[in-house]
Amino acid sequence: SELLTAVASAVRGLEAGAGSPVAERVHSMVGEAGETFVAAARPRGLWQRISRAAFEDVLHADGASEPAAPLAQVLEDAAALALFAVTLGEEIAQRIERLFANGDLAGGYILDQIASHAADGLAQTAARLFEAAAPAAAGSAALPYSPGYCGWKVAGQRPLFAALEPGEIGISLNDSCLMQPLKSVSG
């Protein structure tokens, strides 16, 4: 239900204004994309606790983070740590790819936007599940940092994947550390 809420927010942002001459067509396309998303998305995820020392090994492996990365500062105050990976699965990525390949640029864009928002929503869901499993002091929150942000280089995917092994849910890395399926998030 949380994932569908994230998608609903994305859908509202894609709608054309009521006075627009294309509003009805865009509304129809957004509806079709939403139905396609529900039919094709296969959300899966995993997370595991990790000790501070083990996380520092992942964070700093092979220069995977900047020396003064903001994430290193966050680490100092962390009450608990975990690694996670989530995906919407290969089918949704293939449907988006087919829309673009068939020249349906608007349909591909709309479905891609819905799936992107849903993948972000899935990462937030993973954070909430971890937070519920590892209660900390009042006022604390689980923050899903990902390689590519806050000074954690994208190459940080390699040590993260080595520690977490998300292949069991169908996520892999290519040579440039891009996750497959595309609508996947790790952190």
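Up top is the structure these notes are about.
Residues numbered from 1 in each chain as written. Predicted model: local features only at pLDDT ≥ 70, side-chain atom pairs only at ≥ 80, totals over all residues. Heavy atoms only, no water.

Colleague: Would you take a moment to explain the packing of aromatic side chains for this structure?
Modeller: Ring pairs (aromatic) are described by centroid distance and by the angle formed between their planes. Per the counting criterion, the structure on display carries two aromatic pairs. Relative to F130, the ring of W47 lies with its centre 5.2 Å away and its plane at 75°, an arrangement referred to as edge-to-face. Residue W47 is found in strand 1 (residues 44–49), and its partner F130 is found in helix 6 (residues 105–133); the two are separated by 83 residues along the sequence. The class for F130 is buried, based on a relative accessible area of 11%. The interplanar angle of 70° and the centroid separation of 5.9 Å between the aromatic rings of F55 and W152 together place this pair among those described as edge-to-face. Taken together, the positions of F55 in helix 3 (residues 52–60) and W152 in the loop between helix 6 and helix 7 (157–164) put the pair 97 residues apart, joining distant regions of the chain. A relative accessible area of 5% places F55 in the buried class. (Phe/Tyr/Trp six-rings, centres within 6.5 Å; stacked < 30°, edge-to-face > 60°. Helix = DSSP H or I, 4+ residues; strand = E, 2+ residues; numbered from the N terminus. Buried < 20%, exposed > 50% of the residue type's maximum accessible area, 1.4 Å probe, protein only.)

Colleague: Explanation requested: the sheet that holds strand 1 in the structure shown.
Modeller: Read from one edge of the open sheet, three strands run 1-2-5, paired in antiparallel fashion. In this open sheet, the two strands that pair with only one neighbour each are strand 1 and strand 5 (184–186). When the angles between neighbouring strand axes are averaged without regard to direction, this sheet yields 5°. Direction of pairing for strand 2 (residues 82–87) relative to strand 5: antiparallel, over a ladder of three bridges. For V86, the partnering residue across the bridge sits in strand 5 and is V185. Across the face of the sheet, helix 6 comes into contact with strand 1, strand 2 and strand 5 while running at roughly 145° to strand 2. (Pairing = 2+ DSSP bridges. Axes fitted to C-alpha atoms, helices over the stretch in contact; angles between N-to-C directions. Contact = heavy atoms within 4.5 Å.)

Colleague: What exactly am I supposed to notice about helix 3 here?
Modeller: In an α-helix, one full turn covers 3.6 residues, which means residues spaced three or four apart are oriented alike. Listed in full, the buried residues belonging to helix 3 are F55, V58 and L59. Down the axis, helix 3 shows its buried residues gathered within 95° of arc, on one side only. Summarising the contacts, the buried residues of helix 3 are in contact with helix 4 (70–77), strand 2 and helix 7. Positioned one or two residues after helix 3, D62 has a phi angle of 50°, which is positive. (Arc of directions from axis to C-beta.)

Colleague: Honestly, the environment of D175 in this entry has me stumped. Any pointers?
Modeller: Position of D175 relative to the elements: it lies in the loop between strand 3 (172–173) and strand 4 (179–180). Along the chain, D175 and A155 lie 20 residues apart, while their C-alpha atoms are 9.6 Å from each other.

Colleague: Would you mind going over a nonpolar patch on the surface with me for this structure?
Modeller: Nonpolar side chains collect at one region of the surface, where F100, L105 and Y109 lie side by side and expose about 310 Å² of accessible area between them. In this structure, F100 sits in helix 5 (residues 90–101). (Patch = residues over 30% accessible without salt bridge, like charges linked within 9 Å, V, L, I, M, F, W, Y side chains within 5 Å. Areas by Shrake-Rupley, 256 points an atom, 1.4 Å probe, with all protein chains shown as cover. Salt bridge = Lys/Arg side-chain N within 4 Å of Asp/Glu carboxyl O.)

Colleague: I tried to follow the environment of E90 on my own but got confused; where do I start?
Modeller: If you trace the backbone, E90 turns up in helix 5. Assessed through its relative accessible area of 36%, E90 is described here as partly exposed. The spatial distance from the C-alpha of E90 to the C-alpha of A41 is 8.2 Å, given a sequence separation of 49 residues.

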